[in-house]
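# Coordinates in review
Below, each chain spelled out in residue letters.
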Amino acid sequence: MHALVLMAADAAASESPNLWGALGCAVAFSASLLATLDAFADLILARGGSPAGRLTPGIGMKFASKLIAAAIAVVSAAIVLVLDDNWFAFTTLSLAFVVVVGIGVIVMLRQTRTATAPAARAEPGG
């Protein structure tokens with residue numbers, strides 16, 4: 001009887017989500033989110049400070065490397081959560097990441113549109 005209770009406890013323990021793994025994945029998601037938003041900010045600042053809104057190769061490489069590193073971390077964390085069958089953390093973190101990055105993209109596109117509109121208005125009157 002005692003062995004049966006221990007086996008049931010082991011089975012229940014193995015089905016519970018790994019909270020330390022979920023915490024580590026949440027940290028990876030948040031660091032990736034901050035790196036993505038930092039890359040967007042770099043892009044906005046670089047466009048505002050460079051002639052004709054063009055990126056220098058160094059700024060372009062910096063922007064791309066932050067996005068690639070963020071993508072690698074997010075995909076790795078998502079794989080860990082899926083392998084751990086922690087669908088709640090996977091869904092919640094993925095949704096939060098997509099929403100915040102989507103807002104960042106909207107802000108970046110809006111800033112680009114407003115930055116080019118005054119230049120277009122000033123250009124024809126020369």
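Check the entry above for the structure.
Notes on the structure follow.

Conventions we followed
- Residues numbered from 1 in each chain as written.
- Predicted model: local features only at pLDDT ≥ 70, side-chain atom pairs only at ≥ 80, totals over all residues.
- Heavy atoms only, no water.
- Helix = DSSP H or I, 4+ residues; strand = E, 2+ residues; numbered from the N terminus.
- Polar contact = N/O pair within 3.5 Å; in protein donor to acceptor, adjacent residues only side chain to side chain.
- Contact = heavy atoms within 4.5 Å.
- Expected span 1.5 Å × (residues − 1).
- Buried < 20%, exposed > 50% of the residue type's maximum accessible area, 1.4 Å probe, protein only.
- Salt bridge = Lys/Arg side-chain N within 4 Å of Asp/Glu carboxyl O.
- Phe/Tyr/Trp six-rings, centres within 6.5 Å; stacked < 30°, edge-to-face > 60°.

Let us look at the side chain of lysine 66. Position of lysine 66 relative to the elements: it lies in helix 3 (residues 57-83). A distance of 2.3 Å separates polar atoms of two side chains, one belonging to lysine 66 and the other to aspartate 38. Those residues in contact with lysine 66, other than ones at most four positions away along the chain, are Ala35, Asp38, Ala39 and Asp42.

Turning to helix 3, a few remarks are in order. In this model helix 3 runs 39 Å from its N-terminal to its C-terminal C-alpha over 27 residues, within 8% of the 39 Å that 1.5 Å per residue would give. Where helix 3 is concerned, the buried positions are Phe63, Lys66, Ala70, Val74, Ala77, Ala78 and Leu81. Aspartate 85 sits one or two residues past helix 3 and shows a positive phi near 55°.

Our next topic: the environment of threonine 91. With respect to the secondary-structure elements, threonine 91 resides in helix 4 (residues 87-125). Residues threonine 91 and alanine 78, 13 residues apart in the sequence, show an inter-C-alpha distance of 9.2 Å. A polar contact is formed between the side chain of threonine 91 and the backbone oxygen of tryptophan 87, at a distance of 2.8 Å.

Applying the stated rule across the entire model yields 3 salt bridges. The network of salt bridges with common partners includes Asp38, Asp42, Lys62 and Lys66.

Let us now look at the packing of aromatic side chains. For the structure on display, the rule yields 2 aromatic pairs. A ring pair is formed by phenylalanine 29 and phenylalanine 97, whose centres lie 6.2 Å apart and whose planes are at 80°; its orientation type is edge-to-face. Here the residue phenylalanine 29 occupies a position in helix 2 (residues 19-49), and phenylalanine 97 occupies one in helix 4, the gap between them amounting to 68 residues. In this structure, phenylalanine 29 and phenylalanine 97 share a single accessibility class: buried.

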